[in-house]
Amino acid sequence: MKADGAGRGFGHPGICSLLQFAGGTFPTGAFSHSFGFETYVYENAVCDLAEFQAFADSYLRSVLGGTEAPFVAAVCRHAVDGNTERIRECNELLTAMRLTKESREASIKTGKAFLRVAAALFPDAPEMKCLLELQDCPGVNYATAFGVTLTLAGLDAADVVSAYVFSGLSSLIQCGVKLIPLGNTEAQFLLFRMQDQVTDVCAAALLTDLSDVCNFTPCLDIASVKHEDLPSRLYIS
Amino acid sequence: MTQGATGKLKLVFRSNGKQTSLAEQYYKLPLQVLPPHDQDGDGTAFVYFLNPSGGILSGDRLCTELLADDNASVVATTTSNNKIYKMDDGYAGIYNDFSVGDHAALEYLPLPTVPFAGSNLRQENIFRIRGSSVLFAWDILSPGRWRSNEIFAYDRFDSLTKIYRDGRLIVCEHILVEPGEKTLTRICVMESYLTSASVYLCARGIPLSLKDQIQQILRSSDLRGGMTFLDREAAAIRVVANDPLLLQEALDAIWTAFRKQVLGKDGTKIRRY
């Protein structure tokens, strides 16, 4: 089901929705999460551009592209079909695959913040009503909310997955600007240079069955666990 | 396609209120179980799974089903490392399905799975628990025959762990590694470490002090890891290490801490010789 106004935008259909929902000004609170990265900086394991680039590349391949993007793609497909039961299943599996307290809470909190606006934009869509039922218990992951909303806005799965991964990487790189710190020019150069990797992981994610999704990032998980007890921190996760 | 062996093990444990006994059993080699004994002295059934063939070959399918019925208390472990031999083609499959009833407890403490160079394994560990159940389970990823400098030389290791509580999926860990892709040594993954372990604890009222004690064990062992609460009744411990023996010692200490703080009983030494 597509909402009124779906596919708006001169040039690429839906470009306005894409820029709005994936843009840094959409109120999700993602800027207050580092997803474990802050621990690496605190422990002096990531101190400069080269080390940060290695971290960003691994995070892109293992987490954004390897784990989350296949879920975004699956949610988009189920939203197109109007299959709310499968959307619920995807959301439950993604929550179960988050193996630390902070990564679970971060995903649910940003999902809730995203839905606060998105639900008001598509109040009659059954897919959105389904998410609102899940919102308080067990919670809606950001990836689930993003996939459903952008599909309702008329975007296809390839665009939604690309926007999700790119905005996630951009958010991480902003953490690098604050924590390492990187200069804004260096950060934008890095983001620009990583576009090919983003394309690669998105292409792979669209073809990945959820039964093949791997969430094996033990050292990142440990960083996330240790973040709970860091003596001082700028980020919630 | 290699023709392997199909081993089966079906076990049902029941409690009479004082003692847990093996009420039903069926096995088909190469899977087998030793008769349970009461090592704790409180009626808990201690059992050892064994594979008398010595290791797992291509085409082997080993399926274990265990039910700890309501109020039963079971500790299950293995007699030796699970050796996964080199395979020219095909893969080996290990499928474990454990159900834990109301007010029942399962402690599942297998020795590490050791995939040899050129091996290809698909493993599933499925736990189905109730809200009142207690579960303590670990899974250890070994680099292979590390003493012979055979490190992450396997072709493929695919291990899926799922925990369902009252029918709802609460944990899903999927390790899928093909070391040839050189993904393991990346930052966020194994980095420079050789071995990792995941421990899952499910129980009502896991004390917060257990987390402090476990962090202390990890710090004193000089291991990288920590404990996190996934919800109020489930927690996970993640550890990476360079010395598999040191890791095993730390896991044993963590198990002892869990027993004292959650089950209210002493730790015990598992004898394999």
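Structural notes, computed from the coordinates. All figures in this text were calculated on a predicted structure; none of them were measured in a lab.

Observations regarding the overall build of chain A
When you go through chain A residue by residue, the secondary structure sums to 11 helices and 0 strands. Starting at the N terminus and ending at the C terminus, chain A contains elements arranged as α-α-α-α-α-α-α-α-α-α-α. A compact globule built from 237 residues would reach a C-alpha radius of gyration of about 18 Å, and chain A, at 17 Å, matches this within 12%. For chain A, buried positions account for 57% of its 237 residues. A fraction of 79% describes how many contacts in chain A between residues 6 or more apart in sequence connect residues 24 or more apart. Summed over its atoms, the accessible surface of chain A is roughly 9,800 Å², and 55% of this surface lies on carbon and sulfur atoms.

What to know about helix α7 (residues 142-152) of chain A
Residue and element names in this part refer to chain A. Among the 11 residues of α7, 11 are classified as buried, and the element is accordingly described as predominantly covered. Those residues of α7 not exposed but buried are Y142, A143, T144, A145, F146, G147, V148, T149, L150, T151 and L152. In this structure, the buried side of α7 is in contact with α1 (15-22), α3 (49-81), α4 (84-96), α5 (101-121), α6 (126-134) and α8 (157-179). Following α7 by one or two positions, G154 has its phi on the positive side, about 95°.

A few points about the nonpolar core
Proteins that are soluble and globular tend to have nonpolar side chains buried together. F37(A), F55(A), V165(A) and F49(B) are the most contacted members of the largest nonpolar core, which totals 134 residues. Top element by residues in this core is α3(A). It accounts for 15 residues. If sequence neighbours within four positions are ignored, F55(A) has contacts with F37(A), Y40(A), V46(A), L172(A), L220(A), I187(B) and C188(B). Of all hydrophobic cores here, the second largest spans 33 residues; its members include I140(B), A203(B), L210(B) and I214(B).

A short note on the sheet that holds strand β13 (residues 156-165) of chain B
Through backbone hydrogen bonds, the strands of a sheet pair up, either in parallel or in antiparallel fashion. All names here are of chain B. Ordered in space as β2-β1-β5-β8-β11-β13-β14, the 7 strands form an open sheet in which the pairing is mixed. If you trace the sheet from one side to the other, it starts and ends with β2 (20-28) and β14 (168-177), each paired once. Strand after strand, the sheet turns through a mean of 5° between neighbouring axes, direction not considered. Relative to strand β5 (residues 61-68), strand β1 (residues 6-15) runs parallel, the two being bridged by 8 bridges. Its bridge partner being in β5, L11 is matched across the sheet by L66.

Describing α1(A)
Residues and elements named next belong to chain A. Listing the buried residues of α1 in full gives S17, L18 and F21. Viewed end-on, α1 has its buried residues packed into an arc of 100°, placing them on one side of the element. Buried residues in α1 make contact with α5, α7 and α8.

Re the pairing of strand β12 (residues 134-141) of chain B
Residue and element names in this part refer to chain B. With 8 of its 8 residues buried, β12 lies for the most part within the structure. A two-sided burial pattern is seen for β12, the buried positions comprising V134, F136, W138 and I140 on one face and L135, A137, D139 and L141 on the other. Bridge analysis of strand β9 (residues 105-109) against β12 gives 4 bridges, and the strand direction is parallel. For L106, the partnering residue across the bridge sits in β12 and is L135.

With respect to the interface of chain B and chain A
Taken residue by residue, the interface counts 34 residues in chain B and 36 residues in chain A. Summed over both partners, the interface of chain B with chain A buries about 2,900 Å², with 58% contributed by carbon and sulfur atoms. The largest contributions to the chain B side of the interface with chain A come from C188(B), R224(B) and R238(B), which together make up 24% of the buried area. Inspection of the region where chain B meets chain A yields 4 salt bridges. For E43(A), the salt bridge identified is with R224(B), shortest N-O distance 3.0 Å. The interface formed by chain B and chain A holds 18 residue pairs in polar contact (both at pLDDT 80 or more) in total. Contributing elements (two or more residues each) for the side of chain B that touches chain A: β14, β15 (195-202), α1 (208-220), β16 (224-231) and β17 (234-241) of chain B. Per-element tally for the side of chain B that touches chain A: the top contributor is β14(B), with 10 residues. Among the residues making up the side of chain B that touches chain A, the classes are represented as 21 nonpolar, 6 polar and 7 charged.

So, how was this worked out
- Per chain, the residues get numbers from 1 upward, laid out in the order the sequence is written.
- Ligands are numbered from 1 and chains lettered from A, in the order in which they are written.
- Side-chain atom pairs in this predicted model are given and counted only at pLDDT of 80 or more, local residue features only at pLDDT of at least 70, and totals for whole chains, interfaces and linings cover all residues.
- As a rule here, side-chain values cover all heavy atoms of the structure and leave hydrogens and water aside.
- Numbering of helices and strands runs from the N terminus, with a helix taken as a DSSP run of H or I at least four residues long and a strand as a DSSP run of E at least two residues long.
- When we talk radius of gyration, it's over C-alpha atoms, and the globule rule is simply 2.2 Å times the number of residues to the 0.38.
- Here's how the labels work: a residue is buried when its accessible area is under 20% of the maximum for its type, exposed when over 50%, partly exposed in between, all with a 1.4 Å probe on protein chains only.
- Here a residue-residue contact requires only that any non-hydrogen atoms of the pair lie within 4.5 Å.
- Residue exposure ignores everything except the shown protein chains as possible cover, and the areas themselves are Shrake-Rupley values with a 1.4 Å probe.
- Among buried residues, those of type Ala, Val, Leu, Ile, Met, Phe, Trp, Tyr and Cys that are joined through side-chain atoms within 4.5 Å constitute a nonpolar core.
- The rule for pairing is simple: two strands pair if DSSP sees at least two bridges between them.
- A fitted line through C-alpha atoms serves as each axis, taken over the contacting stretch for helices, and the angle formed by two N-to-C directions is quoted from 0 to 180°.
- In this description, the arc belongs to the directions extending from the helix axis to the C-beta atoms.
- Values labelled buried area give the accessible surface lost by two parts on being combined, using a 1.4 Å probe and summing over both.
- By definition, a salt bridge exists where a carboxyl oxygen of Asp or Glu is found within 4 Å of a side-chain nitrogen of Lys or Arg.
- The term polar contact refers here to a pair of N or O atoms within 3.5 Å; inside protein, the definition further demands a hydrogen-donor-capable atom paired with an acceptor-capable atom, and it admits residues adjacent in sequence only when both atoms are side-chain atoms.
- Polar here means any residue other than Ala, Val, Leu, Ile, Met, Phe, Trp, Tyr, Cys and Pro, which are nonpolar, and Asp, Glu, Lys and Arg, which are charged; Gly is therefore polar.

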